[in-house]
Amino acid sequence: MPGAVIVGTQWGDEGKGRFTDYLAKEASLCVRYQGGHNAGHTIIVESEVFKLQLVPSGVLYPWVTPVIGNGVVVDPTVLIKELDMLEARNIDTRRLRLSGNAHLIMPYHQELDALTERYLGKNKLGTTKRGIGPAYADKALRVGLRVQDLLDPKIFREKLDLVLREKNAILAKVYNRLPTDVNELTERYLGMVPRLAPLIDDTVHLVHEALDAQQWVLFEGAQATYLDLDHGTYPFVTSSNPVAGGVCAGAGVGPLAIQRVVGVVKAYVTRVGSGPFPTELLPGDAVGDLLVERGHEFGTNTGRKRRPGWLDGVMLRHAVRLNTCSELAITKLDVLSPLEELKVCVAYEDDSGKRYDHVPYHQSILHKVRPIYESLPGWGVDIERAERLDDLPAAARDYVRFIAELTGVHVSFVSVGPERDQTVVLPRAA
Ligand code: GDP
Ligand code: IMO
Ligand code: MG
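Quick summary incoming for the structure in this document. (Residues numbered from 1 in each chain as written. Chains lettered and ligands numbered in written order. Predicted model: local features only at pLDDT ≥ 70, side-chain atom pairs only at ≥ 80, totals over all residues. Heavy atoms only, no water.)

## Points about the side chain of Asp 334
- Looking at where Asp 334 falls in the secondary structure, it is placed in the loop between strand 15 (327-331) and strand 16 (341-349).
- Within the buried core, Asp 334 has no salt-bridge partner, and the shortest N-O distance to an opposite charge, that of Arg 294, equals 5.1 Å.
- In contact with Asp 334, other than residues within four places in its own chain, are Arg 294, Ile 383, Glu 384, Ser 415, Val 416 and Gly 417. (Helix = DSSP H or I, 4+ residues; strand = E, 2+ residues; numbered from the N terminus. Buried < 20%, exposed > 50% of the residue type's maximum accessible area, 1.4 Å probe, protein only. Lys, Arg positive; Asp, Glu negative; His and termini not counted. Salt bridge = Lys/Arg side-chain N within 4 Å of Asp/Glu carboxyl O. Contact = heavy atoms within 4.5 Å.)

Here's what the structure looks like:
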């Protein structure tokens, strides 16, 4: 049963969208299994830029069925806008399948997300304020509304009425906000049903039909390993499980359905929002500025500047374990081209000089560790036009080999620019 997962190994924005797009050409289904429109996935094909939040990145191929799985949280307004945007660019979106079990993001989720952040003050998480956390919280509390509820207006209204009693009390009494009107909100959501109903489907069934027919199913991760609710730098994480294991619950397959796990590794690291980041290059650092500028490191949707840093081999090794990566795809190697010296963190040390070769489980330690770097020579020439491994300068090949040796995992792809075809494929040694 040929399932493949694309998963981010860092804090997001590694280039998952571009590799999902690259690999989707072989697939029949491309499935999002978690997250929501907190994601921003960029694909560039012949200078045309697509920025996707909810629609899976396989949508550009007419033979691929894009699927929004049960583990995703969906803001239907955003979904419809995204479908309109794609339709306006001649991409047929009628193939999209939307799980009836996916949970809906409601306006009060977004409001509560923003309010919680405000109340946290300087301890804020730096969320995308898309309502992701409150929507997943309601799912776990069992007061969430699901996509399938839209198909039964009476049920939808009853459930919303029930949940609004509590939400409105919280909004009014804790946060001093205006209550949400059940009639107005019911009308607004049911008004979207004619557009959404033809897309709603039993996506678990679709995935299994494809797997049974030996077709490739590509599962597209959003966010990344260190934003994972269980394995990330809690509480500075998102509220879902982006790790490869999240596919099982979020799309409805067992682990044996997955054959390939492609860990996407940006050649350096970025992080948006708050939280520990051992290899961070602080504002004012010339290398950090260069990475942000050359890598255009600003949020795809939020526009926020991403925090830059050197590649963290300690975290990468752990990510390879957490996801059981079968291979890696390195992105943005071209961004490093002007640097004379490259650093890769191979271990940490704390104030007492104690060395850590693994990510310390106690976060108070992670907050304080210093990275121990190994230096590698830069290559100093442009590599954007490289098509094969041999086209890369020796120092660039050494950097790639260093990552493969550090992790013990084959590097299958290296990208040298944002375009679909700026991808170097590295065959496994026979
Ligand atoms: P995702 O969230 O993991 O899909 O990544 P994003 O799309 O948020 O961020 C990756 C950014 O880097 C996008 O603007 C891509 O167009 C760009 N990008 C992806 N791969 C490369 C690459 O190899 N080189 C360069 N220079 N840019 C890239
Ligand atoms: P893609 O799929 C980078 C970060 C937010 C914040 C934390 C929690 O494009 O890689 P949330 O809104 O999810 O409750 O915010 O997670 N975050 C991302 N950072 N890329 C993303 O998605 C992200 N999605 C959420 O910045 O720190
Ligand atoms: Mg992104």
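Once the structure has been displayed, the description carries forward.
## Points about empty space enclosed by the protein
- The final tally for this structure, using the stated rule, is one cavity of 30 Å³ or more.
- Surrounding the largest cavity, Thr 9, Gln 10, Trp 11, Tyr 226, Val 269, Leu 311, Asp 312, Met 315 and Leu 316 form its lining.
- The residue makeup of the lining of the largest cavity, split by class, is six nonpolar, two polar and one charged. (1 Å grid on protein atoms, 1.4 Å probe; cavity = no way out; pocket = protein on both sides within 12 Å on 5 of 7 lines; lining within 4 Å. Points joined across faces, edges and corners; volume = space filled by probe spheres on them. Nonpolar A, V, L, I, M, F, W, Y, C, P; charged D, E, K, R; others polar.)

## Details of the layout of surface pockets
- Taken as a whole, the largest pocket spans an internal volume of roughly 940 Å³.
- Sorting the residues of the lining of the largest pocket by element identifies helix 3 (107-120), helix 4 (132-141) and helix 5 (153-174) as the ones contributing at least two each.
- In terms of residue class, the lining of the largest pocket is built from 17 nonpolar, 19 polar and 10 charged.
- Estimated volume of the second largest pocket: approximately 600 Å³.
- Lining the second largest pocket are 28 residues, and of these Thr 42, Gly 295, Arg 306, Lys 332 and Pro 418 sit closest to its centre.
- Elements with a contribution of two residues or more to the lining of the second largest pocket: helix 1 (16-24), strand 3 (41-45) and strand 4 (48-52).
- Of the residues belonging to the lining of the second largest pocket, the class tally is seven nonpolar, 11 polar and 10 charged.

## Some points on the coordination of the magnesium ion (ligand 3)
- Protein coordination at the magnesium ion (ligand 3) comes from Asp 13 (OD) and Gly 40 (O), with a distance range of 2.0 to 2.2 Å. A residue pair is termed long-range when its members are at least 10 positions apart, and Asp 13 in the loop between strand 1 (3-8) and helix 1 and Gly 40 in the loop between strand 2 (29-32) and strand 3 qualify at 27 residues. (Donors = N, O, S within 2.8 Å, 3.2 Å for Na, K, Ca; no water.)

## Considerations on helix 2 (residues 76-88)
- Along its 13 residues, helix 2 runs 18 Å from first to last C-alpha, staying within 8% of the 18 Å computed at 1.5 Å per residue.
- You can read the cap of helix 2 off the contacts: a side-chain oxygen lies 3.0 Å from the backbone nitrogen of Thr 77, and it is on Asp 75. (Expected span 1.5 Å × (residues − 1). Polar contact = N/O pair within 3.5 Å; in protein donor to acceptor, adjacent residues only side chain to side chain.)

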